[in-house]
Amino acid sequence: GIHDGDLAVVERTNDARVGAFVIANVDNEFTLKELVKEGGRYALKPHNSKLPMIIPRASFKLLVF
């Protein structure tokens, strides 16, 4: 898992694929999640079971690594 204080190395790309881990800017906050499709829409899946799935209401920006 990723814990407080861990460092993630990120590579910018124009190609985000379902199943990739991405850093996303949602509502002006950055988050690290898995990109998935739910009901035909893109969503961000946390790997911490205490956190909810993020389904953006508007567009969002991704950094893929």
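Calculation notes
Residues numbered from 1 in each chain as written. Predicted model: local features only at pLDDT ≥ 70, side-chain atom pairs only at ≥ 80, totals over all residues. Heavy atoms only, no water. Helix = DSSP H or I, 4+ residues; strand = E, 2+ residues; numbered from the N terminus. Rg over C-alpha atoms; globule rule 2.2 N^0.38 Å. Buried < 20%, exposed > 50% of the residue type's maximum accessible area, 1.4 Å probe, protein only. Phe/Tyr/Trp six-rings, centres within 6.5 Å; stacked < 30°, edge-to-face > 60°. Lys NZ or Arg CZ within 6 Å of the ring centre and 35° of its normal. Lys, Arg positive; Asp, Glu negative; His and termini not counted. Salt bridge = Lys/Arg side-chain N within 4 Å of Asp/Glu carboxyl O. Polar contact = N/O pair within 3.5 Å; in protein donor to acceptor, adjacent residues only side chain to side chain. Core = buried A, V, L, I, M, F, W, Y, C linked by side-chain atoms within 4.5 Å. Contact = heavy atoms within 4.5 Å.

### A closer look at the overall build of the chain
- Helix and strand content of the chain: 0 helices and 4 strands.
- Written out in order from the N terminus, the α and β elements of the chain read β-β-β-β.
- For 65 residues, the compact-globule formula gives about 11 Å, and the C-alpha radius of gyration of the chain, at 12 Å, lands near that figure.
- The C-alpha extent of the chain, read off along each of the three principal axes, is 35 × 30 × 25 Å.
- The buried share of the chain, reckoned over its 65 residues, is 23%.

### Observations concerning the packing of aromatic side chains
- One pass over the full model with this rule turns up 0 aromatic pairs.
- In this arrangement the basic side chain of K37 is found over the ring face of Y42, its NZ or CZ atom lying 4.8 Å from the centre.

### Some points on the side chain of E34
- Tracing the backbone shows E34 in strand β2 (residues 29-38).
- Within the buried set, E34 has no salt-bridge partner at all; the shortest N-O distance to an opposite charge, 4.3 Å, is to K45.
- One polar contact links E34 to H47, side chain to side chain, over a distance of 2.7 Å.

### A few points about the nonpolar core
- Residues A20, V22, A24, V26, L35 and L44 constitute the largest nonpolar core, which totals 6 residues.
- For this core, the leading source of residues is strand β1 (residues 21-26), giving 3 residues.
- Dropping the residues within four chain positions of it, V26 is found in contact with L44, I54 and F60.

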